[in-house]
Amino acid sequence: MRPTFLGFETQKRTLMLAQKNIDIVGNNISNINTPGYTRQRVDLYAMYLSSNRNIDWSSRSNSLAMAGQGANAYGVSQIRDIYIDKRYRENVAVESETAKSVQILTDIEDALDNFETDGLQWFTQQFFDALQDYSTEKPDSVEAATIARNSALSLCRLLNAYDEELKRIETTYVNDLKDTLDYINGLLEDMNVLNDKIVKEKFHYNEGYDPNELCDEMNLYIDELATYGNITFSRNADGSYNVEMGGVRILDGKEGKTNRILMEDYDTHGQAILFFESGDPLNIKSGELKSFYDMINGNGVYAQGHQNGSYGIAYFKSAINEFARTIADTFNKANYGDIDDSRLMFQSNVEGAIITAGNIRVSDAWMKDATMIGQKRLQDPLTGLYYYGYDEVTDETGNVNLQNSNVLYLISQFDNQNIKFGNCHDFQGSVYEYISFISNRLAQTIQYEDSRYQTAVITVNGLLDARDSVSAPQMDEEGINMLNYQKWYNASSRIVTTLDDMLDKLINGTGRVGL
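Computed from a predicted structure; not experimentally measured. (Residues numbered from 1 in each chain as written. Predicted model: local features only at pLDDT ≥ 70, side-chain atom pairs only at ≥ 80, totals over all residues. Heavy atoms only, no water.)

Student: Hey, could you run me through the packing of helix H2 (residues 82-111) against helix H5 (residues 212-226) in this one?
Tutor: When two helices pack together, their arrangement is given by the angle between their axes and by how far apart the axes lie. The contact between H2 and H5 brings their axes to 8 Å, and the two run at 40 degrees. Mapping the contact onto sequence places Tyr88, Arg89, Val92 and Ala93 in H2 and Asn219, Ile222, Asp223 and Ala226 in H5. (Axes fitted to C-alpha atoms, helices over the stretch in contact; angles between N-to-C directions. Helix = DSSP H or I, 4+ residues; strand = E, 2+ residues; numbered from the N terminus. Contact = heavy atoms within 4.5 Å.)

Student: I would appreciate a short explanation of a negative patch on the surface in the present structure.
Tutor: The grouping of Glu109, Asp110, Asp113 and Asp118 at the surface amounts to a negative patch. By secondary structure assignment, the location of Glu109 is in helix H2. (Patch = residues over 30% accessible without salt bridge, like charges linked within 9 Å, V, L, I, M, F, W, Y side chains within 5 Å. Areas by Shrake-Rupley, 256 points an atom, 1.4 Å probe, with all protein chains shown as cover. Salt bridge = Lys/Arg side-chain N within 4 Å of Asp/Glu carboxyl O. Lys, Arg positive; Asp, Glu negative; His and termini not counted. Charge placed at Lys NZ, Arg CZ, Asp CG, Glu CD.)

Student: Explain the environment of Asn416 to me, please; I cannot follow it from the model alone.
Tutor: Topologically, Asn416 is positioned in the loop between helix H10 (405-412) and strand S15 (420-421). Of the residues examined, Asn416 reaches a relative accessible area of 24% and is grouped as partly exposed. On a C-alpha basis, the gap between Asn416 and Ser151 in space is 20 Å, while along the polypeptide they are 265 residues apart. Discounting chain neighbours no more than four positions away, the residues touching Asn416 are Gly429 and Ser430. (Buried < 20%, exposed > 50% of the residue type's maximum accessible area, 1.4 Å probe, protein only.)

Student: Explain the sheet that holds strand S6 (residues 257-258) to me, please; I cannot follow it from the model alone.
Tutor: Picture the strands of a sheet paired through backbone hydrogen bonds; they go either parallel or antiparallel. Strand order in the open sheet made by the four strands is S3-S4-S5-S6, with antiparallel pairing throughout. Of all strands in the sheet, those bounded by a partner on one side alone are strand S3 (231-235) and S6. Where strand S4 (residues 241-245) lies against strand S5 (residues 248-252), three bridges are found, and the strand directions are antiparallel. Bridging from a neighbouring strand, Met245 pairs with Val248 of S5. (Pairing = 2+ DSSP bridges.)

Student: Just checking my understanding: could you explain unusual backbone geometry for this structure?
Tutor: Working note: non-glycine residues mostly have negative phi, and peptide bonds are mostly trans. Residue Tyr336 is not a glycine yet carries a positive backbone phi of 70 degrees. In this structure, Tyr336 sits in the loop between helix H8 (313-334) and strand S9 (346-348).

Student: Whenever I open this one, the nonpolar core confuses me. Can you help?
Tutor: Note that soluble globular proteins tend to have their nonpolar side chains buried in a common cluster. One finds Phe127, Leu225, Met245, Leu289 and Phe346 to be the most contacted residues of the largest nonpolar core, which totals 101 residues. With 22 residues, the single largest contributor to this core is helix H4 (residues 142-202). When near neighbours in sequence (up to four residues on either side) are disregarded, Leu225 contacts Ile184, Leu187, Leu188, Met191, Ile231, Val243, Met245 and Ile250. (Core = buried A, V, L, I, M, F, W, Y, C linked by side-chain atoms within 4.5 Å.)

Student: So what exactly am I meant to see when it comes to H8 here?
Tutor: Since the α-helix advances by 3.6 residues per turn, residues separated by three or four positions end up pointing in the same direction. Taking 1.5 Å per residue, 22 residues should reach 32 Å; H8 reaches 32 Å between its end C-alpha atoms and fits that length. The buried fraction of H8 is high, at 20 of 22 residues. Just downstream of H8 lies Tyr336, where phi reads positive at about 70 degrees. (Expected span 1.5 Å × (residues − 1).)

Student: What am I meant to see in the pattern of salt bridges here?
Tutor: Here the idea is simple: oppositely charged side chains can pair when their charged atoms come close. For the structure on display, the rule yields 27 salt bridges. In this structure, Asp294 and Lys290 form a salt bridge, with 2.7 Å as the shortest nitrogen-oxygen distance. Taken together, the residues Asp294 and Lys290, both in helix H7 (residues 288-297) and four residues apart, mark about one turn of the helix. Residue Asp294 is classed as buried on the basis of its relative accessible area of 11%. Between Arg452 and Glu449 there is a salt bridge; the shortest N-O distance is 3.3 Å.

Student: I keep staring at the side chain of Asn219 and nothing clicks. Help me out?
Tutor: Relative to the helices and strands, Asn219 is located in helix H5. Polar side-chain contacts of Asn219 include one of 3.1 Å to the side chain of Arg89. Asn219 has contacts with Arg80, Arg89 and Tyr241, leaving out every residue within four places of it along the chain. (Polar contact = N/O pair within 3.5 Å; in protein donor to acceptor, adjacent residues only side chain to side chain.)

Student: Explain the packing of H2 against H7 here, please?
Tutor: Remark: H2 packs on H7, axes separated minimally by 7 Å, with the N-to-C direction vectors making an angle of 35 degrees. The interaxial crossing formed by H2 with H7 has right-handed handedness. Contacts between H2 and H7 involve Ala93, Ser96, Glu97, Lys100, Ser101, Ile104 and Leu105 from the former and Glu288, Lys290, Ser291, Phe292 and Met295 from the latter. By residue class, the composition of the contact of H2 with H7 is five nonpolar, three polar and four charged. (Left-handed = near helix turned anticlockwise from the far one by under 90°. Nonpolar A, V, L, I, M, F, W, Y, C, P; charged D, E, K, R; others polar.)

Student: Looking at this model, I keep getting lost on the pairing of S3. Mind explaining?
Tutor: When S3 meets S4, the two strands line up antiparallel, connected through five bridges. Residue pairing for S4: Ile231 is matched across the bridge by Met245. Linkage of S3 to S4, two consecutive antiparallel strands, is achieved through a turn of five residues, within which Gly239 is found at a positive phi near 95 degrees.

Set out below in structure tokens:
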């Protein structure tokens, strides 16, 4: 015969389990809109038979007396798919990286003011048209020469404005990067504090179970951290979390330490140099930090030091600088400025400095005499000395006509296919072709990053849906579970009533024959 109150103990435990399952379902429903909440469940198992031979029934080898002890629970667990979490964090890093890259490149595009429409192309064409108009006039025409010079002034001012805008964008995103690093380091400190809470709470849980709500909070931190770089995480025996970014540990749960991300002084180096507090260099494959690194340090063929071959702010600054320098060198040389400073058309506003978009200006000689470019280098046949004057041609009637041959030669430089732009010869061709080349490179880079972004968005949304289908509470499913557990509770209550009737019969009816 089994122990008298075994059935009551079994059903009491069953009622408690049914209640706990209803509690957990209610908790799931209550948190259906809570960010980061993971659906929970009670992990049940069937009670095993006792090995105590003193209470066997029927035979020494039969444990039938102890059979039917019902169910019990290991604990309350979360329903998560580690593989989906991993894929989501990998792809959200790409989404954040490309979103930031598109943002920065779009700002560059806005700063350069539509290269091929009303920007550099238009002002270059205005300069060309003004020289064309001047070439149809006599070279001593002050009015036409002044218009040509003013168009060159406008082109220089545009290049100056480009330089200011690109520097403004550079400063904006360097400061944004600094703020982002401060925020990430703050996240790591918060995660370190949370690790301590998890360890203290974990002590009171069964093996293999965690303080679920604290783990949800940690997973939210990990999801956010994943937007900044490619990360992985692991757990320690005490329940604390370790996090690595780019293969370097940035959160050590066992030691209770963080490894902050630092940045060298940008003004000193002119480059974004990122490294960990441990001394390890930052080397990440994706994430918003990678976008900052590529877009600030990306200098194409001009890359040096910690710069890279991406087409970022540094590259388009270099491209505009090379355009200004090459334009100045080409026209200065065409006007004999390479052998005579008085013939320079363009110069730097900083004495002795290489011409850039930021310092290019119309030369003092040209500002003093607008018709200077209409004069040609001539040689006195008697003395053999060179001088500058107007090109004169005598016609059949003996009249002397002034020719604008020097301006025509300057105009020909716009179609010169042998101009090399960039110290690394980034491009060779005409002035107009180089403008198109830079414009196309910017457009293609934006298109490429935007395409990657759109793909990443679709992938991330799909993974979010997949993760929600596994981990997020679903109202319909939780409602069905609640009804099932309610029926389970009702049925268990009915069994308790039956057991009570049986016990009453045993106590009050046994041995009273005929009653």
